[in-house]
Amino acid sequence: MDTIFYTLQDFMIHSKSITYILIGGILIGLMLFWLFLTGRDEKKRTF
Amino acid sequence: MGISRRQFLGFLGAAAGTTAVSVKKSEAAANKEFKGYPGSFGVLHDTTRCIGCRKCEQACNKVNELPLPKIPFDDLSVLNTKRRTQQDAYTVVNRFVENNEGQPVFVKSQCNHCLEPACASACFVKALRKVKTGAVIYDASLCVGCRYCMIACPFNIPAYEYNNPLTPRIMKCTMCHPRIEKGLIPGCVESCPKEALTFGPREKLLKTARQRIEKYPDKYIDYIYGESEMGGTSWLYLSGRPFKEIGMREDLGIQPAATFTSGPLATVPVIVGLWPVLLTGIYAISKRKEKISEEERIEAVSRSVAVAGEVMKAKLAALKDTMTKEKEAAINLEVRRALEEAAKKSESEQQAESAKDEPSDTSKEDK
Amino acid sequence: MSQETARVNESIFTPFNVISGIIIIAGLIVTVLRFTKGLGAVTNLDNNNPWGIWIGFDLLCGVALAAGGFVTSAACYIFGLKRYHSAVRPAILTAFLGYALVVLALHYDVGRPWRLPYPIFISQGTTSLLFEVALCVFLYLSVLFIEYSPAALEWLGLKKIRSMIVKLTLVLTIFGVILSTLHQSSLGALFMIAPSKLHPLWYSNYLMVYFFVSSIFAGLSMVIFEGTLAHRYFHHKMDETHLKESKDVAFGFGKAASFVMMGYVGIKLIGISIDNNWHYLTTGWGVWYLFELIGFVALPAFIYAIAVREKNLRLVQSASLISIIGVVLNRFNISLVAFNWQLPSAERYFPSWSEIVISLFVVTLGIVVYRFIVTRMPIFYEHPDYQHDN
């Protein structure tokens with residue numbers, strides 16, 4: 001990417017915005033991965 | 001007036017030139033170092049030249065179409081009390097202690113247009129931003145009115161329309177951004193009769209300020225306020241008195257406000273990445289413990305069942321044993337009885353044989 | 001329930017109703033003033049003091065004291081401390097109401113309340129910690145609403161949706177803990193942008209950690225304190241399990257709070273040490289700081305410890321009240337007392353009557369809604385139809 005940032009503020013707006021979207025994805029991704037990871041485990045009572 | 005129109009246009013050209021050059025520099029630096037918008041403008045305020053005439057306040061009021069104050073601008077008695085910027089006054093001049101020559105020092109205050117503005121960093125709707133002219137401008141169409149920018153500003157500049165119930169705005173100096181875009185210079189600079197204000201590219205102003213300090217070392221403190229305060233500001237100040245004495249804080253440091261919060265901001269995503277792992281881990285461990293204790297319970301039960309079984313078996317066996325024994329005994333008894341009977345029978349037969357004169361019906365009966 | 005209705009029918013003018021009625025009427029009057037004359041007419045806020053008690057109390061304390069929700073649900077569902085199960089529903093309800101009221105109070109404080117969704121949907125100022133707080137409070141309020149909803153659904157008899165939501169319990173709990181960690185700590189970090197305005201004793205790079213850790217014991221203490229009040233006024237609503245477990249909850253939470261608080265005292269001292277702020281302790285500000293730290297953190301922690309050792313329920317309850325006051329004091333110190341400490345006293349802020357009225361109004365509203373819910377919905381008891389579901 002050749003976006004040029006003249007100020008720290010612009011740079012942070014850019015990088016934080018991407019990071020916020022990323023962490024949303026990570027949160028959902030981790031949940032799905034956990035389901036995949038434990039998919040073949042024997043079923044146990046949830047409570 | 002600090003500079004002529006022609007000079008100003010020249011600056012614009014120079015700014016465009018430096019822009020082209022520094023773009024390459026920025027790229028080379030891989031965006032790790034931020035030097036601000038190249039050629040952005042600023043104002044140099046030489047407090048030694050200011051006479052406290054309030055012409056700048058008047059011009060500001062007019063240019064920004066603010067309501068006229070009750071006390072007219074030519075009434076200098078307002079200087080007797082210290083003032084700050086307000087929702088209807090983007091700039092105010094204050095009078096401070098007598099200087100060495102017995103003259104009062106006047107200092108104009110307004111938004112300093114930080115290179116890395118604390119207000120913009122604090123704004124959660126991007127209503128405040130630094131633009132390439134050097135101005136920090138405000139967009140009322142986004143503002144929620146949370147006033148966090150006022151908390152953040154180290155110079156206590158932004159003001160708020162507290163008496164506007166539904167559409168209050170943040171009010172602060174715009175460095176006359178609309179005028180700069182039109183090729184004009186800020187209203188206050190234009191109106192200053194003593195050239196206490198100089199408008200121009202910030203880098204050039206820094207040079208000017210240094211030249212003045214060098215030329216008149218007795219007149220100035222060897223310091224340019226705003227060169228590095230809070231990461232640097234577009235407004236720069238020269239003074240003959242320590243800045244502390246003319247109402248300017250010397251303890252702000254050189255870090256941009258954004259660096260104070262960058263740590264916590266960086267912690268946030270890491271927590272989002274780590275917490276699910278940690279918490280699910282704790283959950284899994286507690287679940288596992290629960291499962292183990294459950295299994296142990298089941299095992300204990302089955303073990304006790306098994307033990308009980310053994311005992312039962314033993315008892316059964318014993319029972320069986322006694323039963324067999326009893327049975328055997330019973331059989332033996334029967335056998336013995338039968339044998340005895342047989343013996344008796346043979347005996348009686350023998351007796352009968354020996355006594356043939358006995359009636360025959362008896363023998364028939366025995367058969 | 002019939003008993004309650006009968007009692008209400010007897011007389012509407014119970015002391016509770018009269019007092020809360022007066023506060024609500026006063027609150028409504030100030031509400032009208034706020035939205036017709038502006039903040040200037042009802043508050044003592046000015047350009048130097050842009051945040052008053054509506055932020056310092058309603059937002060900062062409201063959020064901290066509503067931490068019981070995430071702490072209790074985490075203890076029960078993540079750490080597997082099933083014996084606290086009966087405490088989860090009251091805690092979630094309090095948290096949900098707490099956050100709802102925080103958002104309500106913000107409508108008074110911000111200039112254009114209908115724009116409160118702007119940071120999330122229109123223009124994301126991601127460099128601001130307030131953005132982080134807004135996002136998390138918005139998400140967490142939704143999570144709390146879902147977590148609370150089974151109680152309402154049981155009351156309404158909507159079994160299908162209820163069982164679907166109950167299946168989500170674990171995911172919601174983990175989400176809740178993440179979101180709480182983030183915004184509780186970010187509330188503290190809000191003030192990190194202004195080191196020039198907040199007194200060095202309260203300003204620290206650890207503000208995030210301080211706010212998070214103090215929210216944990218605020219939440220724990222709040223669960224104990226709320227339990228005390230609930231036992232006094234809603235005893236007849238509680239089922240056997242709740243009554244049996246409540247003592248256990250008080251002692252367990254008291255023990256946890258005590259240790260967390262002592263840890264908190266430790267990290268506060270580390271904060272002073274790392275910035276080398278010892279010399280401030282001998283000033284007036286230092287005395288006030290120690291008053292907060294020793295009088296309202298170390299002392300209640302110690303009282304908790306004694307109470308737990310001696311199995312003294314009343315003492316646990318007193319300690320919880322002192323701890324809650326301590327957290328409120330801490331939030332006030334950071335947002336109001338030690339903020340702008342360098343300004344001359346004439347320029348300092350003190351709340352106006354109408355600001356206090358609105359804060360009381362919001363709290364009263366919370367209590368009224370809480371009462372409405374616990375007298376109708378299965379909060380202190382398990383609904384007979386679902387007893388074996390969880």
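Bear in mind the structure is a predicted one, so any value in this text is a computation, not a measurement.

**Q** So what's going on with the overall build of chain B? Residues and values would help.
**A** When its secondary structure is counted, chain B shows nine helices and nine strands. Within chain B, the fraction of its 367 residues that count as buried is 43%. Accessible surface, chain B as shown: approximately 20,200 Å² in total, 57% of it carbon and sulfur.

**Q** Break down the interface of chain B and chain A for me, citing the residues and quoting the values.
**A** On the side of chain A, 24 residues touch chain B, which itself brings 32 residues to the contact. Together, the buried faces of chain B and chain A total about 2,300 Å²; carbon and sulfur atoms form 70% of this surface. For the interface between chain B and chain A, the tally reads zero salt bridges. Remark: the boundary between chain B and chain A carries five residue pairs in polar contact (both at pLDDT 80 or more).

**Q** Lay out the pairing of strand S9 (residues 235-238) of chain B in plain terms, naming residues and giving numbers.
**A** Taken residue by residue, a regular strand's side chains alternate between the two faces of the sheet. Residues and elements named next belong to chain B. Residue alternation in S9 divides its side chains into two sets, Trp235 and Tyr237 and Leu236 and Leu238, and both sets are buried. Taken together, the four bridges between strand S1 (residues 41-46) and S9 define a ladder with parallel strand orientation. If you follow Val43 over to S9, its bridge partner there is Trp235.

**Q** Describe in detail the interface of chain B and chain C, supporting the description with residues and values.
**A** Listed by partner, the interface residues are 59 residues for chain B and 61 residues for chain C. On the chain B side of the contact with chain C, B:Phe124, B:Ile151 and B:Tyr162 bury the most area, a combined 15% of that side's loss. Linking chain B with chain C are two salt bridges, by the criterion used here. Linking B:Glu290 and C:Lys82 is a salt bridge whose minimum nitrogen-to-oxygen distance equals 3.3 Å.

**Q** Go over the domain arrangement of chain B, please, and point to the residues and values.
**A** For an interface, size is often stated in terms of accessible area lost upon the parts coming together. Assigned domains within chain B: domain 1 (1-22 + 265-348) and domain 2 (32-261). Taking only C-alpha atoms, the centre of domain 1 of chain B and the centre of domain 2 of chain B are 70 Å apart.

**Q** Describe the sheet that holds S9(B), listing the residues and the values that go with them.
**A** Residue and element names in this part refer to chain B. Taken together, the three strands give an open sheet; going across it, the order is S8-S1-S9, and neighbouring strands pair in mixed fashion. Of all the strands in the sheet, just strand S8 (197-201) and S9 have a single pairing partner and so form its edges. Between one strand and the next, the sheet's axes are offset by a mean angle of 25°, whatever the strand orientation.

**Q** I'd like a description of the nonpolar core, backed by residues and values.
**A** Core analysis: the largest hydrophobic core is formed by 203 residues, its most contacted members being B:Tyr148, C:Tyr148, C:Phe191 and C:Leu198. Shared between two domains, this core takes at least three residues from each, and those domains are domain 1 (1-22 + 265-348) and domain 2 (32-261) of chain B. Not counting residues up to four positions away in its chain, the partners in contact with C:Phe191 are B:Tyr148, C:Trp51, C:Leu60, C:Leu198, C:Tyr203, C:Leu207, C:Ile334, C:Ser335 and C:Phe339. Counting residues in hydrophobic clusters, the runner-up holds nine residues, among them B:Leu44, B:Leu206, B:Ile213 and B:Tyr220.

Each value, and the rule that gives it
- Once a new chain begins, its residue numbering starts again from 1 and follows that chain's sequence as written.
- Chain labels run from A onward and ligand labels from 1 onward, assigned in the order the entries are written.
- Local features in a predicted model are, by the rule used here, given only for residues with pLDDT of at least 70; side-chain atom pairs are given and counted only at 80 or more, and totals for whole chains, interfaces and linings are based on all residues.
- Calculation of side-chain values draws on the structure's entire complement of heavy atoms; hydrogens and water are dropped beforehand.
- In this text, helices come from DSSP runs of H or I with a minimum length of four residues, and strands from runs of E with a minimum of two, each type numbered from the N-terminal end.
- Any residue under 20% of the maximum accessible area for its type is buried, any over 50% is exposed, and the rest in between are partly exposed; the area is computed with a 1.4 Å probe on protein chains only.
- Accessible surface is estimated by sampling points in the Shrake-Rupley manner with a 1.4 Å probe; for residues, cover comes only from the protein chains shown.
- The contact rule is simple, with two residues in contact once any of their heavy atoms fall within 4.5 Å.
- Buried area: the sum, over both parts, of the accessible surface (1.4 Å probe) that disappears when the two are put together.
- Each reported salt bridge corresponds to a side-chain nitrogen of Lys or Arg within 4 Å of a carboxyl oxygen of Asp or Glu.
- Side-chain atoms alone can form a polar contact between residues adjacent in sequence; in general such a contact is a pair of N or O atoms within 3.5 Å, and within protein one must be able to donate a hydrogen while the other accepts it.
- By this definition, two strands are paired if DSSP reports at least two bridges between them.
- Each domain's extent is set by a domain assignment, obtained either automatically or from a database.
- Working convention: axes come from line fits to C-alpha atoms, limited for helices to the stretch in contact. Angles between N-to-C directions cover 0 to 180 degrees.
- For our purposes a nonpolar core is just a set of buried Ala, Val, Leu, Ile, Met, Phe, Trp, Tyr and Cys residues, chained together by side-chain atoms within 4.5 Å.

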